[in-house]
Amino acid sequence: GNSVTQMEGPVTLSEEAFLTINCTYTATGYPSLFWYVQYPGEGLQLLLKATKADDKGSNKGFEATYRKETTSFHLEKGSVQVSDSAVYFCALRSFWGTGNQFYFGTGTSLTVIP
Amino acid sequence: DTGVSQDPRHKITKRGQNVTFRCDPISEHNRLYWYRQTLGQGPEFLTYFQNEAQLEKSRLLSDRFSAERPKGSFSTLEIQRTEQGDSAMYLCASSLAASADEQYFGPGTRLTVT
């Protein structure tokens, strides 16, 4: 089956600290992988994606590399800001069947303090 | 760009009552998705439409749930004979078929069944 497991939170970091949020997956076939972010009071937004093994997705200083050998897609940022405080969701899109089901992890809450 | 909108934002109902939610996608988007999100969990896929056709339904979608998208624009999700276990956030997302990886989420409808 398809599933996503991500690091439990909450995570609290000081401004300019290094961020890693771990995400591993199981999937039938070769999925696309995503990180979505939900800022307080807003809907989920796509942060970055990778569609095949060894691809690196990046956006707003965040990066994640699609690692097929470890079935992982860890999110990293070198220097977090207070404005990065949000809930982060790892997700996959399965191409099994009609290829339109998305599977989300449970979310990791990040708080960045000044 | 008005984004994806959902109505109502909050709904409180008594067990056994029927409820209906509406989603208005981004106007040029031909795909529309419904998800359910419970506290501390990520969104769970319920169903999706391409234009007016409902192409995929999750096993989570019991026969008390029905979704429609009659003219390929807005969609409704109806829950009949609500149960306390239906209490959740119901999320709608839309995308273009050509770029189905990039879903745009609405703010959600929070349902509380008492």
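About the criteria used
- Residues numbered from 1 in each chain as written.
- Chains lettered and ligands numbered in written order.
- Predicted model: local features only at pLDDT ≥ 70, side-chain atom pairs only at ≥ 80, totals over all residues.
- Heavy atoms only, no water.
- Buried < 20%, exposed > 50% of the residue type's maximum accessible area, 1.4 Å probe, protein only.
- Helix = DSSP H or I, 4+ residues; strand = E, 2+ residues; numbered from the N terminus.
- Pairing = 2+ DSSP bridges.
- Core = buried A, V, L, I, M, F, W, Y, C linked by side-chain atoms within 4.5 Å.
- Contact = heavy atoms within 4.5 Å.
- Polar contact = N/O pair within 3.5 Å; in protein donor to acceptor, adjacent residues only side chain to side chain.

1. Observations concerning the pairing of strand S10 (residues 86-94) of chain A
Residue and element names in this part refer to chain A.
Turning to step 1, where the next piece is worked out: Burial runs high along S10: 8 of the 9 residues are buried.
Turning to step 2, where the next piece is worked out: Taken together, the 7 bridges between strand S5 (residues 32-38) and S10 define a ladder with antiparallel strand orientation. Bridge pairing in S10 places Phe34 opposite Ala91.
Turning to step 3, where the next piece is worked out: Pairing of S10 with strand S12 (residues 108-113), which is carried by 3 bridges, proceeds in the antiparallel orientation. From the neighbouring strand, Val87 faces S12, where its bridge partner is Ser109.

2. Observations regarding the nonpolar core
Turning to step 1, where the next piece is worked out: In this structure, Trp35(A), Leu47(A), Leu48(A), Phe73(A), Leu75(A) and Tyr88(A) are the most contacted members of the largest nonpolar core, which totals 26 residues.
Turning to step 2, where the next piece is worked out: Breaking this core down by element, the ones donating at least two residues are strand S2 (11-14), strand S3 (19-21), strand S4 (23-26), S5, strand S6 (45-50), strand S8 (62-65), S10 and S12 of chain A.
Turning to step 3, where the next piece is worked out: Counting residues per element, this core draws most heavily on S10(A), which supplies 4 residues.
Turning to step 4, where the next piece is worked out: In contact with Phe73(A), not counting residues within four places along its chain, are Cys23(A), Leu33(A), Phe34(A), Trp35(A), Leu48(A), Lys49(A), Ala50(A), Ala64(A), Thr65(A), Tyr66(A) and Cys90(A).
Turning to step 5, where the next piece is worked out: In terms of nonpolar packing, the next biggest core, distinct from the first, is built from 19 residues, Val4(B), Leu77(B), Ala88(B) and Cys92(B) among them.

3. Describing the side chain of Ser72(A)
All names here are of chain A.
Turning to step 1, where the next piece is worked out: Take Ser72: it is sitting in the loop between S8 and strand S9 (75-77).
Turning to step 2, where the next piece is worked out: Accessibility expressed as a relative area gives 4% for Ser72, which makes it buried.
Turning to step 3, where the next piece is worked out: At 2.8 Å, the side chain of Ser72 forms a polar contact with the side chain of Thr70.
Turning to step 4, where the next piece is worked out: For Ser72, the contacting residues outside a window of four places in its chain are Cys23, Thr24, Tyr25, Leu33, Thr65, Tyr66 and Arg67.

Keep in mind these numbers describe shape, not what the thing actually does.
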